[in-house]
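Chain by chain, the residues run as shown.
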Amino acid sequence: MSIFGNLGTVGIASALTVLLFVGIPGGGKLKPLGWWTTLLVAMMAGSAYKAAGGMFKIIPDAVGSLIDFTQGFVKGITMPAIALCLVIVILWKKLTTRQVAVLALIFFYVAAGAGGNWSYISDAIEDARAGMQ
């Protein structure tokens, strides 16, 4: 027996978005999300966006346009190279948790599209979505 029933991919994407939106500034009974927690939640949200589709396709479509622009501007740059550049910025640039959330959403979409280890979570959420239909 599940407390929340069947959330589904859209429900997961919605819940993670709300968690980022209200959890970063905090102010309630719980402390604001920390840097690493924000990074993890944003990565899961980006993966859920890719699987959920519908209105959540806005983020992947916007990021896809940004990637296309980057690849047009810097000829020969690959998705794994863009993902590595984003990791470097996330880890070495002093960022607020809100900035971490935005960059992590972008990173996870890029990394999932690049394949490799980062695509496993996105693929698992997509497989779960396909299994529910």
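Heads up: the structure comes first, above all this text.
Residues numbered from 1 in each chain as written. Predicted model: local features only at pLDDT ≥ 70, side-chain atom pairs only at ≥ 80, totals over all residues. Heavy atoms only, no water.

K.L.:
I'd like to hear about helix H4 (residues 79-92), residue by residue, with values.
P.N.:
Between the first and last C-alpha of H4 there are 20 Å, a value that for 14 residues agrees with the 20 Å anticipated at 1.5 Å per step. Those residues of H4 lying buried are Ile82, Ala83, Leu86 and Ile90. Mapping the buried residues of H4 onto a view down its axis gives an arc of 100 degrees, with all of them on the same face. Exposed positions of H4 whose direction lies more than 90 degrees from the buried face are Leu84 and Trp92. (Helix = DSSP H or I, 4+ residues; strand = E, 2+ residues; numbered from the N terminus. Expected span 1.5 Å × (residues − 1). Buried < 20%, exposed > 50% of the residue type's maximum accessible area, 1.4 Å probe, protein only. Arc of directions from axis to C-beta.)

K.L.:
Can you break down the environment of Trp35 residue by residue, with the values?
P.N.:
Relative to the assigned elements, Trp35 resides in helix H2 (residues 35-52). For the pair Trp35 and Leu95, spaced 60 residues apart in sequence, the C-alpha to C-alpha distance is 8.9 Å. Those residues in contact with Trp35 that sit more than four places away from it in its chain are Ile90, Leu91, Leu95, Thr97 and Val100. (Contact = heavy atoms within 4.5 Å.)

K.L.:
Account for the packing of aromatic side chains, with residues named and values stated.
P.N.:
The tally for this structure, following the rule as stated, stands at two aromatic pairs. Seen in terms of ring centroids, Trp35 and Trp36 are 4.8 Å apart; in terms of plane orientation they differ by 75 degrees. Their pairing is edge-to-face. The interplanar angle of 10 degrees and the centroid separation of 6.1 Å between the aromatic rings of Phe69 and Phe73 together place this pair among those described as stacked. Taken together, the residues Phe69 and Phe73, both in helix H3 (residues 58-73) and four residues apart, mark about one turn of the helix. With relative accessibility at 65%, the residue Phe73 sits in the exposed group. (Phe/Tyr/Trp six-rings, centres within 6.5 Å; stacked < 30°, edge-to-face > 60°.)

K.L.:
Help me get a handle on a nonpolar patch on the surface, residues and values and all.
P.N.:
On the surface, a nonpolar cluster with roughly 640 Å² of combined accessible area is contributed by Trp36, Leu84, Ile88, Leu91 and Trp92. With four residues, the top contributor of residues to the nonpolar patch is H4. Under the relative-accessibility criterion, Leu91 is labelled partly exposed at 44%. (Patch = residues over 30% accessible without salt bridge, like charges linked within 9 Å, V, L, I, M, F, W, Y side chains within 5 Å. Areas by Shrake-Rupley, 256 points an atom, 1.4 Å probe, with all protein chains shown as cover. Salt bridge = Lys/Arg side-chain N within 4 Å of Asp/Glu carboxyl O.)

K.L.:
Give me the environment of Val63: which residues, what numbers.
P.N.:
When you line up the elements, Val63 lands in helix H3. Relative accessible area serves as the criterion here: at 6%, Val63 is assigned to the buried category. The sequence separation of Val63 and Leu105 amounts to 42 residues, and the corresponding C-alpha distance is 9.0 Å. Residues contacting Val63, with those up to four places away along its chain left out, are Ile106, Tyr109 and Val110.

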